Amino acid sequence: MQDLPDQLANGLALGALYGLIAIGYTMVYGIVQLINFAHGEIFMIGGFGALTAYLWLPDGTRLAVALPLMILLAVVCAVLVAIGAERFAYRPLRGGPRLSPLITAIGLSLALQQAVWAFYPDAKKARPFPQIGGGDFDLGFVTVSREDLFIFVSAPVCMLALGLFVAKTRTGRAMQATSQDPDTAKLMGVNTDRIIVMAFAIGAAFAAIAAIAQGFKTGEVNFRMGFIAGLKAFTAAVLGGIGNIYGAMVGGLVLGVAEAMATAYIGDIPGLEQFGGGSWKDVWAFILLILVLLVRPQGILGERLADRA
Amino acid sequence: MGDILSGGGDRPGLSERWDALPRRGRQLLVALVGCALLAGAAVSVLPAGPGKSRPAHTARHKVPYPVHSTRIGFVRILDVDARNRSFRIELRAVTKDPVLVRRISQEYQALTMKLDPAQAVMVRPERAEPVWVRARVTSCRDLPVRARLPFLDITLRNARASQDLSFILGDRYARALDRVFRTVCGPSSRR
Amino acid sequence: MRHRSLLILTATVTVGALSLSACGSRDGKSGGDSGEKTTVVIGVDAPLTGDLSALGQGIKNSSDLAVKTANKNDEVKGVTFKLESLDDQAQAGTGQQNATKLVGNDQVVGVVGPLNSHVGQSMQKVFGNAHLVQVSPANTAPELSQGPNWQKGQKKRLFDTYFRTSTTDAVQGPYAAQYLYNKRKLKKAYIIDDKKTYGAGLAGTFTDEFKKLGGKVVGTDHINPDDRDFSAVGTKVAKSKADFVYYGGEYPAGAPLSAQITKAGSKALVVGGDALYSEEYIKLGKKNVEGDLATSVGAPLETLDTAKTFMKDYKAAGYKLPYEAYGGYSYDSTWAIIQAVKAVVEKNDGKLPDTIDDTRKQITEAMQDVRFEGVTGDVSFDKYGDTTNKQLSVYEVKDGKHKPVKTGTFQEG
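About the cut-offs
- Residues numbered from 1 in each chain as written.
- Chains lettered and ligands numbered in written order.
- Predicted model: local features only at pLDDT ≥ 70, side-chain atom pairs only at ≥ 80, totals over all residues.
- Helix = DSSP H or I, 4+ residues; strand = E, 2+ residues; numbered from the N terminus.
- Rg over C-alpha atoms; globule rule 2.2 N^0.38 Å.
- Contact = placed C-beta atoms within 7 Å.
- Buried ≥ 20, exposed ≤ 12 C-beta atoms within 10 Å, placed from the backbone.
- UniProt positions renumbered as here; feature names shortened; annotations may be inferred.
- Axes fitted to C-alpha atoms, helices over the stretch in contact; angles between N-to-C directions.
- Parallel < 35°, antiparallel > 145°, perpendicular 65-115°, else oblique.
- Left-handed = near helix turned anticlockwise from the far one by under 90°.
- Nonpolar A, V, L, I, M, F, W, Y, C, P; charged D, E, K, R; others polar.
- Pairing = 2+ DSSP bridges.
- Core = buried A, V, L, I, M, F, W, Y, C linked by C-beta atoms within 7 Å.
- Expected span 1.5 Å × (residues − 1).
- Arc of directions from axis to C-beta.
- pLDDT = per-residue confidence, 0-100.

## Considering the overall build of chain A
Of the regular secondary structure elements, chain A holds eleven helices and four strands. Since a compact globule built from 309 residues should have a radius of gyration of about 19 Å, the 19 Å found for chain A is in line with a globular shape. Its C-alpha atoms put chain A at 60 × 50 × 35 Å along the principal axes. The contacts in chain A between residues at least 6 apart in sequence include a share of 74% that link residues at least 24 apart.

Given below as structure tokens:
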């Protein structure tokens, strides 16, 4: 157990990444009650956007210079695709049966994946992602790799910005209003269409930042990276209470730490040797999800949905 | 061309054509085919070796690296001397080009090996050459037991290059070696 | 308007899908009249897309080169070869479908592939029932040729249609163990595998030999081959103070695994089998994989004069992607099928037997006796269908390149 601080750091880094993606699921769901299964692919496109920015820059550009541009292009790509998806795939179906947008989302997810696979140069296999390089930071009780620093800085900044935005700005309050009751909000003069686009855009921007973090972490981006990450983030959103932005981050952190702990320690428990390690961590993460939902069906920070429906 | 004509005799198309030929034509053709067959046989016999059917040979004049020309197999272990903890290994080398076996060792910590007699062994393509190695167990503590694929490190030199290669001698060698270790160090040497 | 754009999209996708599937189905008329050339098809099955596509495309291109060479040189009189390549996406189910499809095409006389052992396992039975010969350039799991109980000494060949030109893990794992323990003096191992037929098998044979030599296994772990986050595993490895990690698996997960082990502060180098021996491994892992080792089948191609011809021809043919680890073996696998066809044609008075079943049966029989000097050395098969040329090499990542450090020859007897 002496590596507990390190494993906690691993789990938090992974969890913050899940949390950032989960924001997108939770915001869209909170406002239009749509599970945007294509969100994982938006995340993936963000990763390719960042890679493109890096490839455009001349060789040998310092990462300190490249990183802002990478973030910018990643966010722009992801947001554009998300807005496009909302405009052309989801909006025509709004007000239709609940299942139609869901199926559309799955189809869109496949289409985006295949589009990147087919049209991005050399994307049929994993593309290497730039690395920060250099050793790790040894803080005495815990060592953190430089790549993980990115997520440890960006996740709190993003959360703070989002919290302030939702609580303090006009648009943020309009967002809250729309999520509570879209029809009344509309009657009060809120442009709900614009709010919905905003929700998609913010989710996409956060996913793009998460994608850069993932690129740093794993050293690659590939056209399938959105599937598993999206699934995990969706789980995090449900775990934290879907519809609640802080819940999404909390859910992500809980899930990430649970995965790290399961990988690290389950195998040490006598009798559970064969259920430990990296290949069983997902099973334990989902067991945790089921347990939490048994006790709190609305998720960790979720509110009862009885008054909605 | 020869084999197609002679091989395709039972096809109707050809036999009809054959009948249609004038007598002299037939004789000429038979003679030609005969010549072609002879030539073909000569060509296939001359460069001995099975089925060299690769296209586009370049660098033919070069001798291949020892790794591709030489095979070394295990024959037996003998002269086991339990007191001195030593034994001899007989190997058998075959090669396509002349090669010099310069050094043999097995990288076990508790085992030393050298050629016996101590000078390098010349192996020629004509016949298999026995290669003798004297081995000594220096310590019974670190000997592996029941290892499946022990290999010898052998330095070979031929006209092309000198190479340091591993020869994995297979199951029989592994078991023979194991038996020697047990004889020399007692059955309970480890595990 | 919206509905129309959606409609157009759907229509486009449908048309695209249809035209794609139409590409695959072609009605073939086999055989010709005595004067004409018979066209036969050699199937290729490999992962042409996805993570392992670098290796798969190398297999496809190399087979293509062999077929083109055979046609150009008129290797088999009266027979023209054609290649039909199918993508198995490294999935057993897809591989099996491809196998069925190839069997159904009555121009197919032999199949090269697949890359993955677990895919090979799923294809074997289909080909076995149809007597269609299969030569894999890359399957290394021993049970494919020697049966499930090979380790207990009960070797039994299950399918007489299965051949391979690559060495098996029965040699690869133990050879790595001997090399690391005795030559490198590395005594503490951390074993990780991806639970697939290939990875788990390789890690198993390695661990077995390493323990017998006196090596210590300080930890084991299994990972999901689709995962890319291995930070928790990396920390475990770092804390275990292992000298090296033996990874039974393929480079798509292996490269990030190795990189993240380094990032976790571990000095352990990562060692693996032929599926780590790819340029992609270094591209993905960058500096973090420096010093890592991989064993791979065969002697380094640079030491083979026949291989130089192959490399030159491959370059001249202008393929976009490199031939990778199995290029030479794929060329030889394809060439073995061509030689088997040649033997059958010669036996049957210059043509192939009348029925495709007969042709396939005879080609399978002929394969057992095929012998030629190939790109990777002498090619011939033993009674299990394994190659008789059992060589393998250890490669080390040095300055961003795999450099050969040691070559071994396996000789039973």
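## Here's the deal with the overall build of chain B
Counting secondary structure elements, chain B contains five helices and eight strands. Going from the N terminus to the C terminus, chain B shows its helices and strands as α-α-α-α-β-β-β-β-β-β-β-β-α. Every one of the 191 residues in chain B was classed for burial, and the buried ones make up 26%. A separation threshold of at least 6 residues defines the contact pool for chain B, and within that pool the share at least 24 residues apart is 68%.

## Comments concerning the UniProt feature "transmembrane region" (unreviewed entry) in chain A
Residues given the UniProt feature "transmembrane region" (unreviewed entry) here are residues 12-32, 39-57, 63-90, 102-120, 149-167, 195-216, 246-266 and 278-295 of chain A. What you have in residues 63-90 of chain A is 100% helix and 0% strand, and the ends, taken at the C-alpha atoms, are 37 Å apart.

## Points about the packing of helix α12 (residues 327-347) of chain C against helix α13 (residues 356-367) of chain C
All names here are of chain C. Two elements in contact, α12 and α13, have axes whose closest approach is 8 Å; the angle formed by their N-to-C orientations is 110 degrees. Put simply, α12 runs roughly perpendicular to α13. In this structure, α12 crosses over α13, and the sense of that crossing is right-handed. For the pair α12 and α13, the contacting residues are A336, A340, V341, A343 and V344 in the first and T359, Q362, I363, A366 and M367 in the second.

## Some remarks on unusual backbone geometry
Peptide bonds are mostly trans, and most non-glycine residues show a negative phi. Residue B:P117 follows B:D116 across a cis peptide bond; omega there is -5 degrees. Its place among the elements puts B:P117 in the loop between β4 (111-115) and β5 (121-123). Residue C:G113 is joined to C:P114 through a cis peptide bond whose omega torsion reads -5 degrees. Positive phi, normally seen in glycine, also occurs at C:H131, with a value near 55 degrees. Structurally, C:H131 can be placed in the loop between α4 (117-130) and β4 (133-136).

## Re the packing of helix α9 (residues 225-240) of chain A against helix α10 (residues 245-265) of chain A
Residue and element names in this part refer to chain A. The geometry of α9 relative to α10 is characterised by a closest axis approach of 7 Å and an angle of 115 degrees between their N-to-C directions. Considering only the axes of α9 and α10, their crossing is right-handed. For the pair formed by α9 and α10, the contact residues are K232, A233, T235, A236, A237, L239 and G240 on the first element and G247, A248, M249, V250, G251, G252, V254 and L255 on the second. Broken down by class, the residue content of the contact of α9 with α10 amounts to nine nonpolar, five polar and one charged.

## Section: the sheet that holds strand β6 (residues 188-193) of chain C
On the basis of which strands lie adjacent, the open sheet formed by eleven strands has the order β5(B)-β3(B)-β7(B)-β8(B)-β14(C)-β13(C)-β10(C)-β9(C)-β8(C)-β6(C)-β7(C) and mixed pairing. Two strands bound the open sheet, and with one partner strand each, they are β5 of chain B together with β7 (216-222) of chain C. With strand direction ignored, the average angle separating the axes of adjacent strands in the sheet is 30 degrees. Pairing between strand β8 (residues 162-168) of chain B and strand β14 (residues 401-410) of chain C: four bridges, direction parallel. Pairing of B:L165 across the sheet is with C:T407, part of β14(C). Its contacts with the sheet put helix α6 (residues 169-183) of chain C on β7 (151-158) and β8 of chain B together with β8 (244-248), β9 (269-272), β10 (293-297), β13 (390-398) and β14 of chain C, and the angle it makes with β13(C) is roughly 50 degrees.

## Here we look at the interface of chain C and chain A
On the side of chain A, 28 residues touch chain C, which itself brings 35 residues to the contact. Residue assignment for the side of chain C that touches chain A shows that the elements contributing at least two residues are α1 (2-24), α2 (53-72), β7, α8 (231-240), α9 (251-263) and α10 (279-285) of chain C. By residue number, the principal contributor to the side of chain C that touches chain A is α8(C), which donates six residues. Looking at the side of chain C that touches chain A, its residues break down into eleven nonpolar, ten polar and 14 charged.

## Description of the nonpolar core
Membership of the largest hydrophobic core comes to 255 residues, with the highest contact counts inside it found for A:L20, A:A74, A:A78, A:A207, A:I212, C:V245 and C:V341. Beyond its immediate chain neighbours, meaning those up to four positions away, A:I212 contacts A:G47, A:A50, A:M70, A:I71, A:A74 and A:F150.

## With respect to the pairing of strand β2 (residues 86-95) of chain B
All names here are of chain B. Here β2 shows one buried face, formed by F87, I89, L91, A93 and T95, and one open face, formed by S86, R88, E90, R92 and V94. Taken together, the nine bridges between strand β1 (residues 70-81) and β2 define a ladder with antiparallel strand orientation. The partner of F74 across the bridge, within β2, is L91. Here β1 folds back onto β2, and the loop between the two strands holds four residues, one of which, R85, carries a positive phi near 55 degrees. Bridge analysis of β2 against strand β6 (residues 129-137) gives eight bridges, and the strand direction is antiparallel. Note that in β6 the partner of E90 across the bridge is W132.

## As for helix α3 (residues 92-104) of chain C
Residue and element names in this part refer to chain C. In a regular helix each residue adds 1.5 Å, so 13 residues correspond to 18 Å; α3 covers 18 Å between its end C-alpha atoms and thus fits that length. Restricting attention to buried positions, one finds in α3 the residues G95, N98, A99, L102 and V103. With its buried residues spanning 135 degrees around the axis, α3 presents them on a single face. More than 90 degrees from the buried face of α3, the exposed residues found are G93 and G104. Contacts from the buried residues of α3 go to β1 (38-46), β2 (79-87), β3 (108-112) and α4.

## Quick notes on the sheet that holds β3(C)
Hydrogen bonds between backbone atoms are what pair the strands of a sheet, whose relative direction is either parallel or antiparallel. Residues and elements named next belong to chain C. Judged by pairing direction, the sheet is parallel, and its five strands sit side by side in the order β2-β1-β3-β4-β5 without closing on themselves. Strands at the two margins of the open sheet, each flanked by one partner only, are β2 and β5 (162-164). Across the sheet, the mean angle from the axis of one strand to that of its neighbour is 25 degrees, orientation sign disregarded. Helix-sheet contacts for α4 involve β1, β3, β4 and β5, and the interaxial angle to β4 is about 160 degrees. Across the sheet, α12 touches β1, β2, β3 and β4, and the angle it forms with β3 is around 155 degrees.

## A few points about the environment of C:L276
As for its placement among the helices and strands, C:L276 is situated in the loop between β9 and α10. Separated by 27 residues in the primary sequence, C:L276 and C:G249 place their C-alpha atoms 7.5 Å from one another.

## A closer look at the environment of A:V238
Residue and element names in this part refer to chain A. With respect to the helices and strands, the residue V238 is situated in helix α9. Judged by the 25 C-beta atoms lying within 10 Å of it, V238 is buried. Sequence separation between V238 and Y25 is 213 residues, and the spatial gap between their C-alpha atoms is 9.2 Å. Not counting chain neighbours up to four residues away, the residues in contact with V238 comprise L289 and G299.

## Here's the deal with the confidence of the model for chain B
All names here are of chain B. Overall, the predicted model of chain B reaches an average pLDDT of 78, with 71% of residues at or above 70. Counted against residues more than four places away or in other chains, residues 1-9, with its pLDDT under 50, gives 17 contacts. Confidence over residues 45-60 falls short of pLDDT 50; this stretch has 16 contacts with residues more than four positions distant or in other chains. The ipTM, which scores confidence in the relative placement of chains, is 0.87 for this predicted complex, and the corresponding pTM is 0.81.

## Focus: helix α2 (residues 39-56) of chain A
Taking 1.5 Å of rise per residue, the 18 residues of α2(A) would be expected to cover 26 Å, and the 26 Å separating its terminal C-alpha atoms lies within 8% of that figure. With 15 of 18 residues buried, α2(A) is to be regarded as a mostly interior element.

## Observations concerning the environment of C:A189
Residue and element names in this part refer to chain C. Mapped onto the elements, A189 comes out in strand β6. Owing to 27 C-beta atoms within 10 Å, A189 belongs among the buried residues under this scheme. Placed 48 residues apart in sequence, A189 and V237 show a C-alpha to C-alpha distance of 9.6 Å. Setting aside residues up to four positions removed in sequence, A189 forms contacts with F210, G215, V217, V218, A242, D243, F244 and Y246.

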